[in-house]
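Residue-level listing of the chains:
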Amino acid sequence: MDEEGRWVSGKNMTERFVGHYKAFLGLNCSTGDRILDSELFVNKIDPSVAIEMIRVVSDDEITRAMFEIEDNRAPGPDGFSSKFFKASWKVVGPDVCRAVREVLWVGKIPKCVNATRIILVPKVEFPRKVTDFRPIACCNTLYKCISKVIVNRIRNCLGMIVDLNQSTFIPGRSILDNILLVQDLMARYNRKDGPPKCALKIDIQKAYDTVDWKFLKQALIGFGFHPVMVQWIMMCVTSTWFTVNINGEDNGCVDLAVRCTINSILPFDVGKFRFKYLGVPLSVNKLFRRDCKVLVDKVGMRILSWKHKCLSYAVRLQLIGSVLSTLHVYWASVFKLPVATISEIEKICRGYLWSGGDLVKGKAKVKWKMVCSPKENGGLGLKDLRRWNDVLLSKHVWNIVNNKKSLWVKWVYKFYLKERNFWDIQVKKNFCWTWKRILIARNIVRPHIVSCIGSGENTSLWHDWWHLIGILSMLISRSEWIRAGFNDMSKVKDIFVNGQLCWPTDWLENYPGLMDWPLFVNNEGTEDNIIWRDNNGKCKRFSCKQVWLDVNFFGPKVPWFHTIWFSNNIPRNAFILWMAILGKLKTQDRLLSWEIKGNLFCPLCLKINDSHDHLFFKCDFSKLIWEYFSNKADIRVSYGNWKEFIYKFCEQVKGKSIGVFIKKLVLAGCVSHSWHERNMRFFRNNFRSPFSITCCIEKEIQLRLLGLKYESKVIKKKVWRCWGIDRNNDVDNGNKDNEV
């Protein structure tokens, strides 16, 4: 395309592209010398801000920089990690602060400080060349601290000097914007009509890996950085020395002559769709199941590595949550994933949770819909991937209505909206498929996005929701607007006269609620703001978590939520208690209802069929265990049947005292170990005495109590004495007031 957005072709297109490409790299098209574009490198930083950046570095600033470095970062050649410096900060802290200040004052870094070890991690199973390795740079922690002090000072100015097309590494920007923008640009690429088109995927790795230091210095000066700050930055990037540690097809859409001309000038390989862009497939059409196979394979391979390990249900649940929160979310934040892909991922996760591998019919003990409900609503806290996909896409809707400062949002306003209101855009066939999905996602968040009125200059009178009566375009017909002298571009300010709403007289008779005041009013300023309104009508900060809570209805909260899922619970026991409360354990009474024949008796007492009511705690065996711990923990709950018992128990364990905490541990431990003993006897013919089981439960409770902080030493000694904890292990935790 030329500067006016028109397609050009043939030799003219090639010459223009090569010229733009070289200019982009900072090259003079005729001589090849490095140049500085005066329009790009101007004093974008205010002089007062530049001076503030080079103020004297304080001890607090250095300490904060050191403690911002993560503990698990690999150390450099000196072998000292950030965790070492943090743990011994009282000893080494003053020396570190003096060293950092001296380096910044002198403007030189000793060679030993800026030493870096390069670790080569293979990217393929059998690496054969250098590019088959991923280099990992391990810097000394002292150098990381120095650079972090500098970075913290220039962080707030990066948005002013880095162009919008750089969407990563700048606070407030998202790499997803670039993916969405490219999807839009490629929407009509596969059409055969119109002028010839050419798409080039450029890897500018070498351009960024071989930056000329003189060029970088001139650019920093041109941006308006203070000479001292320029010296600090150049000191960090030019003084590094390294040590390397070694372990061990034609698509036919572009004219052949034009393609050959381009290849003769630029070292490009001919590619074809679909290919990856920033980790996700770039497609001119919508995504299909085959395009997302790599995502399904990644989930399958991750879970396959855990398949043959003997892990409890609770651990499997935690691992599934970690997979879905990492592998799936990135894709789902950009695309509306195919239903078949989501079904495959859920099938893999469901099979691993209940079967430890491939899903076997009859192994799932609880419906996946229940599993994907919040814990307070009776589920396990996983998310339904289809609904979560919609929620993640709603973030783009929020960015558009707030006119976020990003390149993709600017593209949307220029190319799609064209001064029209976002809520008034209709879905058209020629739209990019990602844009269509975002428009469809509007319906999910529409009831919660409200305009807070200030001056009324930026809020649409008809399409934005700002009035108590509702969205006016849904109440008043377009013909009535026109007759009253309004149009689609009318703003809220147009109906305010001397601070009062001024409506046409006949409208007040037909719509009596119009004289009500705006839903929200911004009293602190004159700007209109977009806010998120939750289900209770309160203003909340927008987040995907908040959207998830407001757009989904999971039913009423269960009264036993805090009885199972409390702080410092034992996950293995909590999971079994959750299944028992739902009545989903496969006891013999449930098996008999499935027409399984045979004389089945409770493996613990050998008297009658086991059931939830019998096993917890009418069975002579489990009753002994329960009576022992109920007396010890002072639990006074009469037992009628299992469900009735649970509701009575929940009434007695409200609050966060140490006594309530112990009662919850007792219930989960007795249920879990009774069920485990039942299965060991039934399937493995392995028997334990009630005394052995009580010892196991008691040991679990003791270990949990040892890890707690108490409100006072008196309470701690009393609890430890009651549960037989050795006082020699008593560690003084201080007198801090902490809730369990």
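Residues numbered from 1 in each chain as written. Predicted model: local features only at pLDDT ≥ 70, side-chain atom pairs only at ≥ 80, totals over all residues. Heavy atoms only, no water.

A.B. asks: Any chance you could break down the overall build of the protein for me, citing the residues and the numbers?
C.D. replies: Summing up its helical and strand segments, the protein has 31 helices and 11 strands in all. Going through the 740 residues of the protein one by one, you find that 44% of them count as buried. By element, 54% of the accessible surface of the protein is carried by carbon and sulfur atoms, the whole surface being about 41500 Å². (Helix = DSSP H or I, 4+ residues; strand = E, 2+ residues; numbered from the N terminus. Buried < 20%, exposed > 50% of the residue type's maximum accessible area, 1.4 Å probe, protein only. Areas by Shrake-Rupley, 256 points an atom, 1.4 Å probe, with all protein chains shown as cover.)

A.B. asks: An account of the packing of aromatic side chains is requested, with residue identities and associated values reported.
C.D. replies: Inspection of every chain in the model, using the stated rule, returns 37 aromatic pairs. When the ring of F80 is compared with that of F85, the centres are 6.4 Å apart and the planes differ by 65°; the resulting orientation is edge-to-face. The exposure class assigned to F80 is partly exposed, which follows from its relative accessible area of 39%. Measuring from centroid to centroid gives 5.9 Å for F616 and F617, while their planes differ by 70°, and the two rings are edge-to-face. (Phe/Tyr/Trp six-rings, centres within 6.5 Å; stacked < 30°, edge-to-face > 60°.)

A.B. asks: Residue-level account of the packing of helix α17 (residues 385–401) against helix α19 (residues 433–445), with values.
C.D. replies: Running from amino to carboxyl end, α17 crosses α19 at an angle of 95°, the nearest separation of the two axes being 8 Å. As far as their axial angle goes, α19 and α17 are roughly perpendicular. The segment α17 lies against α19, with D390, L393, S394, H396, V397 and I400 engaging W435, I438, A441, R442, I444 and V445. Tallied by class, residues from the contact of α17 with α19 come to 8 nonpolar, 2 polar and 2 charged. (Axes fitted to C-alpha atoms, helices over the stretch in contact; angles between N-to-C directions. Parallel < 35°, antiparallel > 145°, perpendicular 65-115°, else oblique. Contact = heavy atoms within 4.5 Å. Nonpolar A, V, L, I, M, F, W, Y, C, P; charged D, E, K, R; others polar.)

A.B. asks: Any chance you could break down the sheet that holds strand β11 (residues 539–540) for me, citing the residues and the numbers?
C.D. replies: What links the strands of a sheet is backbone hydrogen bonding, and the strands pair in either a parallel or an antiparallel sense. The sheet built from 4 strands is open, its strands ordered β9-β6-β10-β11 with mixed pairing. The two strands at the open ends of the sheet, each matched to only one other strand, are β9 (520–521) and β11. In the sheet, strand β6 (residues 449–453) pairs with strand β10 (residues 529–533) via 4 bridges, with the strands oriented antiparallel. Paired with V450 across the strands is I531, a residue of β10. (Pairing = 2+ DSSP bridges.)

A.B. asks: Which residues make up helix α11 (residues 227–238), and what are the values?
C.D. replies: With 12 residues, α11 ought to run about 16 Å at 1.5 Å a step, and its terminal C-alpha atoms sit 16 Å apart, in line with that. All buried positions along α11 are accounted for by M229, V230, W232, I233, M234, M235 and C236. Buried residues along α11 sit in contact with α5 (89–106), α6 (141–154) and α10 (213–223). (Expected span 1.5 Å × (residues − 1).)

A.B. asks: Describe the confidence of the model for the protein, with residues and values.
C.D. replies: Here the protein averages 82 in pLDDT, while 86% of its residues score no lower than 70. Considering each helix and strand of the protein separately, the mean pLDDT is smallest for helix α1 (residues 10–24), with a value of 47, and largest for helix α24 (residues 571–582), with 94. Low pLDDT (under 50) marks residues 1–11, which in the prediction has 15 contacts with non-local residues, meaning those over four places away or in another chain. Per-residue pLDDT stays below 50 along residues 248–253; that stretch engages in 9 contacts with residues further than four places along the chain or on separate chains. (pLDDT = per-residue confidence, 0-100.)

A.B. asks: Tell me what's going on with the side chain of H328, and back it up with residues and numbers.
C.D. replies: Relative to the assigned elements, H328 resides in helix α14 (residues 313–332). Apart from residues lying up to four places away in sequence, H328 is in contact with L295, V323, L337, L385 and W388.

A.B. asks: Describe in detail the pairing of β6, supporting the description with residues and values.
C.D. replies: Most of β6 sits out of view: 5 of its 5 residues are buried. Residues I449, S451 and I453 point to one face of β6 and V450 and C452 to the other, with burial holding for every one of them. Here β6 pairs with β9 via 2 bridges, running parallel. Paired with I453 across the strands is V521, a residue of β9.

A.B. asks: Can you break down the layout of surface pockets residue by residue, with the values?
C.D. replies: Empty space within the second largest pocket amounts to approximately 1100 Å³. Secondary structure elements with two or more residues in the lining of the second largest pocket: α14, α15 (339–355), α24 and α29 (658–684). For the lining of the second largest pocket, the class distribution of residues is 14 nonpolar, 7 polar and 9 charged. (1 Å grid on protein atoms, 1.4 Å probe; cavity = no way out; pocket = protein on both sides within 12 Å on 5 of 7 lines; lining within 4 Å. Points joined across faces, edges and corners; volume = space filled by probe spheres on them.)

A.B. asks: Which residues make up the environment of H328, and what values go with them?
C.D. replies: Taking the relative accessible area as the measure of exposure, H328 reaches 0% and is therefore buried. Residues H328 and V296, 32 residues apart in the sequence, show an inter-C-alpha distance of 9.0 Å.

A.B. asks: Can you explain unusual backbone geometry? Please cite residues and give values.
C.D. replies: Put simply, F616 and F617 share a cis peptide bond, and its omega is 5°. Considering the arrangement of structural elements, one finds F617 in helix α26 (residues 612–618). Unlike most non-glycine residues, K418 shows phi in positive territory, near 50°. Structurally, K418 can be placed in the loop between α18 (407–417) and α19. Phi is positive for N568, which is not a glycine, with a value near 65°. Examined against the element boundaries, N568 turns out to sit in the loop between α23 (561–564) and α24.

A.B. asks: Lay out the pattern of salt bridges with the relevant residues and their values.
C.D. replies: Counted by the stated rule, this structure contains 24 salt bridges. Taking the shortest distance from any N to any O, the salt bridge between R98 and D95 comes out at 2.1 Å. One end of the pair, R98, and the other, D95, are both in helix α5, 3 residues apart, so they sit about a helical turn from each other. The salt bridge involving D634 is made with R636; its shortest N-O contact spans 3.5 Å. When its relative accessible area of 44% is taken as the criterion, D634 is described as partly exposed. (Salt bridge = Lys/Arg side-chain N within 4 Å of Asp/Glu carboxyl O.)

A.B. asks: Could you give me a rundown of the environment of F67, with the residues and numbers involved?
C.D. replies: Note that F67 resides in helix α3 (residues 59–68). Among the residues examined, F67 registers a relative accessible area of 41% and is labelled partly exposed. Sequence-wise, F67 and C145 are 78 residues apart; in three dimensions their C-alpha atoms are separated by 8.9 Å.

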